[in-house]
Amino acid sequence: MKVLTAQGSNLKHVERQHHRIGDLVHAVVHFASEESAQLLYFGWIPKTGGWSRLLAVIGRPKHALIEWHHAAPTFGQTAYPSLSARWPAALWLEREMWELTKVLPVGHPDLRAILHPENQEERIVVHGDEVFQLPLGPVRSDVVESMFMRFDTQGEQIVHMQPELFYKHRDIERLAVGLLYPDGRFLAERVAGTSTIAHATAYARAIEHALGHVVHPKVEQERIVFGELERLYNHAHDMAQMASAAGMTVAQAQLSRVKEECLRVNGDLCGSRYLRNAVLPYKGSDVEWAQVVSTVIRRLRDINGRFTQCLDLLRRTPTFVDRFVGAGIVKQEWARAYGTVGPVARACGQPVDVREDYLRDRYEQQAYRVVVDEAGTGDGWARFVVRAGEWEISQRVLTKGLQLLANGDFMEAGSLAGTQDDSKNDGFSLERTGIGLSESPRGRVCHVVQLDPDGRLAFWGIRAASAWNWPVLGLAVANGNIQQDFPPIEASFGLSCAGVDR
Amino acid sequence: MSEARLFSLQLLQLGFVLVVSPLIAGVLARMKEFVQGKAGPSIFQPYRDLRKLFQKERLIPEGSGPVYRLAPYLYFSAPLIVTLLIPVLTTFPLFMAFAGDMMAGGFILGLGTYVLLAGAMAGASPYGAIGSSRVRFVSMSVEPVLILVLFCVSFVAHTTIPYIVNQTLWGLRWSPIHLLLIASFFAILLAETGRIPVDNPSSHHEFSMIDHNRVYDYSGPDLALLEWGGWMKYVALGTIFLNVIVSPYGLSHSPGLIWVALAIVAVFVKFVLLDAAIVWVESSFGKLRLLRIAEFMASAGMAAGLAVLLGILHAW
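The model shown is predicted, which means the values in this text are computed figures rather than measured ones.

Quick notes on the interface of chain A and chain B
No. 1: Contact with chain A, which involves 24 residues of that partner, is made by 24 residues of chain B.
No. 2: Among the residues forming the side of chain A that touches chain B, the class breakdown is 10 nonpolar, seven polar and seven charged.

What follows is the structure, given as structure tokens:
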């Protein structure tokens, strides 16, 4: 066991190499019962011409640890004990791994092809009288991403729901292999348009981690600010969707307007409404903060006034509240077992948040606080309340963060080029491999990269926030809800497909 | 008054409902967008939609049967037949006024609704069946209220012929009975025409729609007839609400052309006010959960029941 200090924070990376994959799964399963342990990454890391090792990255924020478990298969190994049999969080991951490598996870309950939903055989789960199968998608009305959902209903009651994704699968992870890492960020920004910054930041951090580079604090500060700007427009969008699902047309229009204003602030700030080209590996953006900060803060204050007023009115509209209270409850044990992230997890009382868990030293100076639903009811209303709270905190973090950027307190921290810290690669048997984490509006985004000696991407693994939340949607929708509850529940989850599909 | 004049007025009523109903729907849509801070489509957009749909191809699912084909025509004609029975423009009874009472009007509209839901069931989309079952649920909650309203009307007016009812009710001018009847019939109007809080007409989500689910399979001219029929149904029910339940004010007392022309304007203005009331409801309430619709209609039923009680006391 080798202990290495990580870049720019007190987080420690620990590597554990297992002799057999069975040992790895056994070691990882142990964390399923640890209160705050998080499965950050689970998947095969390829070697040229084949899949060479299984990697599991476990985050243990209580111990300020990130544990890298990896094991190579023995020659000709075609099966290993499934992790998801004990830790459901890996269910979809193992389906994907099985389809890509044809190494069988023994004990996995459902190994249908996940990457090619068009060839997927139908799995009928519910049998009985009056059970009615209802397909939804992949082409749906209104502006929504392509996905397919199979509902089993009994009258209005939803008995079971299976989501099928990957209609937008672009194979980004393998498309990037062989690209120089500065080019890879173009793909990273396009994993999911609404989480551009979250993915670009995670990618940049992963690259920097892999190469042992420590960026200048000002660059990290910019990433924080951009990340919160992204959160604002996403939360406004999700709130608008919730209003729309409950039939509150005026509130929807008002919140959409708030979203549009946020996007315009973004566009004026860095030339892209969705904040593209703002976060780069090794570098900061070219925004002249000192000149723009006061304008941005003033505009955000205006937007904030309109948003909070609208939310206050919604909170006082019984017909709106009624649609969300008790709708789509996520039980705490599900949230834990499926590794749920983001506002969905925090609405269940789980304080899962990358900003708090792994980047606390960077967010501390901006009065950041995790918003958690204390009662942990996990219903649609709790998700509404958590998002509303997060909007408020984001405003605070933004105001402080922008002031920090403008006042130029970073001068004493050395040259903007950052510093090199080669200690990371000493003795780490996974060479030039790094992990990058960021908190997108929907939850934790995790990128794992491996670079070859020329600085080209050899491997890239992406775990978007929604990938952890999608499997729980089925459970939340099925238990005691009627068909008409589905739109509010779906809106309150605020899931993205592109990030999962990659 | 010559028979010919009465007959032509009858035709004018039909024409009014046929031609003006898309405009009334257009005004409603435009107002709703305006309240949201948007410009909204032109108030003549429904006419353009109709022209577009009538030019489009008619697609019929395989094995859908005759009910499916017949449904749009019956749904389209039901509100027109009801128009013959109700005072759209004139206070004095026209040609067909005594051919049926309010009960008959309810039945005819109900027949149109029923045929459409049978047609939707016969189509290929599973959403048609869902829409039909939800519409049945809504109708089930609406019917008792409607019956109570008619009870009360017949108690107070000793008749259910719309041309006579409106005079009697207007005699009660804003008495508690009158106000309660207005409230409960307004709830019926909202439920039957698929407005918030019962159904969300601007939603596109397959799982929440009630009314629009039924027309999922229909296309081209069939869809045009259904849309048009829906607008006319709104105008027919709106006419009963405005001219019979609320007040016959603004209707023409004489068959003179000028008076009838003025009545057309007055009725249109009344409809604009009704549109505004509906927009007010739609922008201040959310859509109710399906099972809550029964509670909403039950409160309307309470109002109607109270009106019946007061009506009995009044008769004493």
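What to know about the sheet that holds strand S9 (residues 148–154) of chain A
What holds strands together in a sheet is hydrogen bonding between their backbones, with the strands either parallel or antiparallel.
All names here are of chain A.
No. 1: Read from one edge to the other, the open sheet built from three strands follows the order S8-S9-S10, with strand pairing classed as antiparallel. At either end of the open sheet lies a strand with only one pairing partner, and these are strand S8 (131–136) and strand S10 (157–164). Across the sheet, the axes of successive neighbouring strands diverge by a mean angle of 20°, strand direction being ignored.

A word on the nonpolar core
Residues and elements named next belong to chain A.
No. 1: Grouped together as the largest cluster of nonpolar side chains are 146 residues, with contacts concentrated most on Tyr41, Ala56, Val57, Ala236, Ala243, Ile435 and Val449.
No. 2: With 12 residues, helix H6 (residues 217–245) is the largest single contributor of residues to this core.
No. 3: Shared between two domains, this core takes at least three residues from each, and those domains are domain 1 (2–115) and domain 2 (172–501).
No. 4: If we skip the residues at most four places from it in the chain, Ile435 touches Leu40, Tyr41, Val57, Ile66, Ala206, His209, Cys446 and Val448.

So, helix H5 (residues 196–211) of chain A
All names here are of chain A.
No. 1: With 16 residues, H5 extends 22 Å between its outermost C-alpha atoms, agreeing within 8% with the 22 Å of an ideal straight helix rising 1.5 Å per residue.
No. 2: Most of H5 sits out of view: 16 of its 16 residues are buried.
No. 3: Immediately downstream of H5, the backbone of Gly212 shows phi near 65°, a positive value.

With respect to unusual backbone geometry
No. 1: The peptide bond linking Ile196(B) to Pro197(B) adopts the cis configuration, its omega dihedral lying at 10°.
No. 2: Mapped onto the elements, Pro197(B) comes out in the loop between helix H7 (176–192) and helix H8 (211–214).
No. 3: You will see that Ala64(A), though not glycine, has its phi angle at about 50°, which is positive.
No. 4: Its place among the elements puts Ala64(A) in the loop between strand S4 (50–60) and strand S5 (65–71).
No. 5: Look at Asp171(A): it is not a glycine, yet its phi comes out positive at around 60°.
No. 6: Position of Asp171(A) among the secondary structure elements: in the loop between S10 and helix H3 (172–175).
No. 7: With 10 C-beta atoms packed within 10 Å, Asp171(A) lands in the exposed category.

Here's the deal with the sheet that holds strand S15 (residues 457–463) of chain A
Residues and elements named next belong to chain A.
No. 1: Pairing in this open sheet of three strands is antiparallel, and the strands run S13-S14-S15 from one edge to the other. The open sheet has two edge strands with one neighbour each: strand S13 (433–440) and S15. Each strand of the sheet is rotated relative to its neighbour by a mean of 15°, with strand direction disregarded.
No. 2: Examined bridge by bridge, S13 and strand S14 (residues 443–451) share eight bridges and lie antiparallel to one another. By the bridge assignment, Gly436 is partnered in S14 with His447.
No. 3: Strand contacts of H5: S13 and S14, with the helix running at about 155° to S13, the strand carrying the most contacts.
No. 4: Along the sheet, helix H15 (residues 465–478) makes contact with S13, S14 and S15, crossing S14 at roughly 130°.

Rules behind the numbers
- Residues numbered from 1 in each chain as written.
- Chains lettered and ligands numbered in written order.
- Predicted model: local features only at pLDDT ≥ 70, side-chain atom pairs only at ≥ 80, totals over all residues.
- Contact = placed C-beta atoms within 7 Å.
- Nonpolar A, V, L, I, M, F, W, Y, C, P; charged D, E, K, R; others polar.
- Pairing = 2+ DSSP bridges.
- Helix = DSSP H or I, 4+ residues; strand = E, 2+ residues; numbered from the N terminus.
- Axes fitted to C-alpha atoms, helices over the stretch in contact; angles between N-to-C directions.
- Core = buried A, V, L, I, M, F, W, Y, C linked by C-beta atoms within 7 Å.
- Buried ≥ 20, exposed ≤ 12 C-beta atoms within 10 Å, placed from the backbone.
- Domains from an automatic or database assignment.
- Expected span 1.5 Å × (residues − 1).

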